[in-house]
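# Summary of the model geometry
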Amino acid sequence: MTDADLVILGGGSGGYACAFRAAELGLSVVLVEKDKLGGTCLHRGCIPTKALLHAAEVADYAREGDQFGVKSSLEGIDMAGVNSYKDSIVAKMYKGLQGLFKQNKITTVEGTGRFVGPNTVEVNGERYTGKNVVLATGSYSRSLPGLEIGGRIITSEQALNLDYVPAKVVVLGGGVIGVEFASVWRSFGCEVTIVEALPRLVPLEDEFASKRLERAFRKRNIGFKTGVRFTGATQTDSGVTVNLESGEQIEADLLLVAVGRGPNTAGHGYEEAGVRMDRGFVLTDERLRTNLPGVYAVGDIVPGLQLAHRGFAQGIFVAEEIAGRNPQVIDENGIPRVTYCNPEVASVGLTEAAAKDRYGAEVSTYTYDLAGNGKSNILKTQGAVKLVKAPDGPVVGVHMIGERVGELIGEAQLIVNWEAFPEDVASLIHAHPTQTEALGEAFLALAGKPLHVHG
Ligand SMILES: Cc1cc2nc3c(=O)[nH]c(=O)nc-3n(C[C@H](O)[C@H](O)[C@H](O)COP(=O)(O)OP(=O)(O)OC[C@H]3O[C@@H](n4cnc5c(N)ncnc54)[C@H](O)[C@@H]3O)c2cc1C
């Protein structure tokens, strides 16, 4: 049908970023999408969840206005109103994205594509060939063996579109998606219990962040059981019963299954065409090449962090690689991670434990409590910033917890990715009163000249 420079299968964060960059570089692009351009992030992921989290924050402020001397109360949550706010953000961004596709003159093909051979994708009986093919079919919500999704047992997709606030929810999984929904529902007045098999919430984060988050959730009356195995759930018309290995049973209106995301690679012809895979993920080298010549993979189907901005970066990388620009390999460790619950958790680089594995026991850390930060006091948020430093080396990890700390990750990721030493950052002036000063103070302390630090 065509002989484009690139045929891209999937128009989510990874696929569309690749399409845009390739078009900018003068390459011809055909992109195949079976649903809506923008993929999980725009329609079922980042954007709608963050809109819900913002509505949750507004609810908290309304409920707690008194502590700032503002007379207000929370009369209730109008889910129709919340959903219309959320959907309007998605619709606006979707329109903008469609405009960008037009502007970049990208040929889009609607339909389910199948990778059928070295450089060919088949859609609706037509074959599209390209000098290169980029696989970008994303991910889906996983469940556990024997746990069927349906009715009162839901994944994030259904959770995003509820038209009521449940009275009682069990969240299975204390990772990013689980704690974000737990946070939203609690702010909306729901009773929430998180069940996590690993010993702590947000188990991929530095232990310090998990401890602080657990403390904050306790204060918010968000229940959680860690190190506990789920054994099954049964549902009736009126509720769901969740069974734990300990013998305990929890009754709820809904069970949210948030146990991770699997690669969406089955049935797309990858394996039959000879693409090397591992447990459903497409294996690539560091230049995102699969084992087949001219075939690349980006985004959630590639093992590693399943984040939209990683997908963007990988898409851009592959476009530049195909255009012969020889881009710099993406350092997975330098990708920032933010969990947008209340309080937020944000980090980049190595945890203390990972740094010790890599550099030995001489690794040093410094933790600055937000109690010493003016802006955080004004916001009445608790939390801290923790730096992890290699022996006689740069700062290799920054970990933060507190309201709004997600916005501080920009500075933290520059520091880690530019391999800055504490002295480099300590000499840079941070505006007062901002939460960025917490980072500034931590670096001053690590450089041996603490300012607002109690002995
Ligand atoms: C609830 C939730 C919250 C999230 N929050 C965040 C966040 O705050 N920040 C963040 O960075 N990440 C977040 N993520 C993760 C983020 O959404 C993903 O990492 C990102 O969307 C992955 O991009 P992708 O291009 O790999 O895949 P997707 O975005 O999943 O796109 C894949 C596209 O391929 C299409 N497709 C699949 N198969 C075919 C086929 N055979 N033919 C044609 N088209 C096909 C799909 O329809 C889809 O549009 C969140 C995810 C979820 C579920």
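What you see is a predicted model; the values in this text were computed from it and never measured.

Scoring rules and cut-offs
- Residues numbered from 1 in each chain as written.
- Predicted model: local features only at pLDDT ≥ 70, side-chain atom pairs only at ≥ 80, totals over all residues.
- Heavy atoms only, no water.
- Pairing = 2+ DSSP bridges.
- Helix = DSSP H or I, 4+ residues; strand = E, 2+ residues; numbered from the N terminus.
- Contact = heavy atoms within 4.5 Å.
- Axes fitted to C-alpha atoms, helices over the stretch in contact; angles between N-to-C directions.
- Near = heavy atom within 4 Å.
- Polar contact = N/O pair within 3.5 Å; in protein donor to acceptor, adjacent residues only side chain to side chain.
- Areas by Shrake-Rupley, 256 points an atom, 1.4 Å probe, with all protein chains shown as cover.
- Domains from an automatic or database assignment.
- Buried area = accessible area lost by both parts, 1.4 Å probe.
- Salt bridge = Lys/Arg side-chain N within 4 Å of Asp/Glu carboxyl O.
- Nonpolar A, V, L, I, M, F, W, Y, C, P; charged D, E, K, R; others polar.
- Buried < 20%, exposed > 50% of the residue type's maximum accessible area, 1.4 Å probe, protein only.
- Core = buried A, V, L, I, M, F, W, Y, C linked by side-chain atoms within 4.5 Å.

## Quick word on the sheet that holds strand E9 (residues 168–172)
Ordered by their spatial adjacency, 5 strands build an open sheet running E8-E15-E9-E10-E11, and the pairing between neighbours is parallel. Every other strand in the sheet has two partners, leaving strand E8 (153–154) and strand E11 (223–226) as the edge strands with one partner each. For E9 and strand E10 (residues 191–196), the ladder comprises 5 bridges, and the chain directions are parallel. Bridged to Val169 within E10 is Val192. Across the sheet, helix H6 (residues 176–187) touches E8, E9, E10 and strand E15 (254–257), and the angle it forms with E10 is around 165°.

## Comments concerning the site of the ligand
Taken together, 38 residues sit near the ligand, with Glu33, Thr40, Lys50, Asp300 and Ala308 positioned nearest. Interatomic distance of 2.6 Å between a side-chain N/O atom of Thr40 and an oxygen atom of the ligand. Contacts to the ligand include His309, whose side-chain N or O atom sits 3.3 Å from an oxygen atom. Protein chains shield 96% of the accessible area of the ligand, which is 990 Å² for the free molecule.

## Section: the domain arrangement of the protein
How big an interface is tends to be stated in terms of the accessible area lost upon association of its parts. What the domain assignment lists for the protein is domain 1 (3–140 + 262–332), domain 2 (153–259) and domain 3 (343–446). On a C-alpha basis, the centroid separation for the pair domain 2 and domain 3 is 29 Å. Between domain 2 and domain 3, the residue contacts involve 9 residues of the former and 15 residues of the latter. The largest per-residue losses of area from domain 2 upon contact with domain 3 belong to Asp206, Phe208 and Arg212, which jointly make up 56% of the total buried on that side. Applying the counting criterion to the domain 2 and domain 3 interface returns 2 salt bridges. In this structure, Asp369 engages Arg212 in a salt bridge whose closest nitrogen and oxygen atoms are separated by 3.0 Å. Considered class by class, the residues forming the side of domain 2 that touches domain 3 number 5 nonpolar, no polar and 4 charged.

## Brief notes about the pairing of strand E4 (residues 113–117)
Bridge analysis of E4 against strand E5 (residues 120–123) gives 4 bridges, and the strand direction is antiparallel. Bridged to Gly113 within E5 is Val123. Counting the residues in the hairpin turn of E4 and E5 gives 2 residues.

## Quick word on the pattern of salt bridges
For the coordinates displayed, the defined rule picks out 19 salt bridges. Residues Asp87 and Lys86 are paired through a salt bridge, measuring 3.0 Å at the closest nitrogen-oxygen approach. Residue Lys86 is classed as buried on the basis of its relative accessible area, which comes to 2%.

## Focus: the side chain of Thr241
Relative to the assigned elements, Thr241 resides in strand E13 (residues 240–244). What Thr241 contacts, discounting residues up to four positions off in sequence, is Gly232, Ala233, Thr234, Gln249, Ile250 and Glu251.

## A closer look at unusual backbone geometry
Residue Pro343 follows Asn342 across a cis peptide bond; omega there is 0°. As for its placement among the helices and strands, Pro343 is situated in the loop between strand E20 (337–339) and strand E21 (344–349). With omega at -10°, the peptide bond leading from His432 into Pro433 counts as cis. Relative to the assigned elements, Pro433 resides in the loop between helix H12 (422–426) and helix H13 (436–446). For Asn221, which is not glycine, the phi torsion reads 60° and is therefore positive. Take Asn221: it is sitting in the loop between helix H7 (207–219) and E11. The class for Asn221 is exposed, based on a relative accessible area of 55%. With a phi angle near 50°, Asp392 is a residue other than glycine that sits in the positive phi range. Here Asp392 lies in the loop between strand E23 (384–389) and strand E24 (395–402). We classify Asp392 as exposed; its relative accessible area is 77%.

## Notes on the nonpolar core
Within the largest apolar cluster, 48 residues are counted, with the highest numbers of intra-cluster contacts made by Phe115, Val134, Leu135, Tyr270 and Val318. Elements with a contribution of two residues or more to this core: strand E1 (3–9), helix H1 (13–24), strand E2 (29–33), helix H4 (79–103), E5, strand E6 (126–135), strand E19 (295–297) and helix H8 (308–322). For this core, the element with the highest residue contribution is H1, accounting for 6 residues. Setting aside its immediate chain neighbours within four residues, Leu135 contacts Leu9, Phe115, Tyr270, Val275, Val295, Tyr296, Ala297, Val298 and Ile301. Of all hydrophobic cores here, the second largest spans 37 residues; its members include Ile154, Trp185, Val202 and Ala384.

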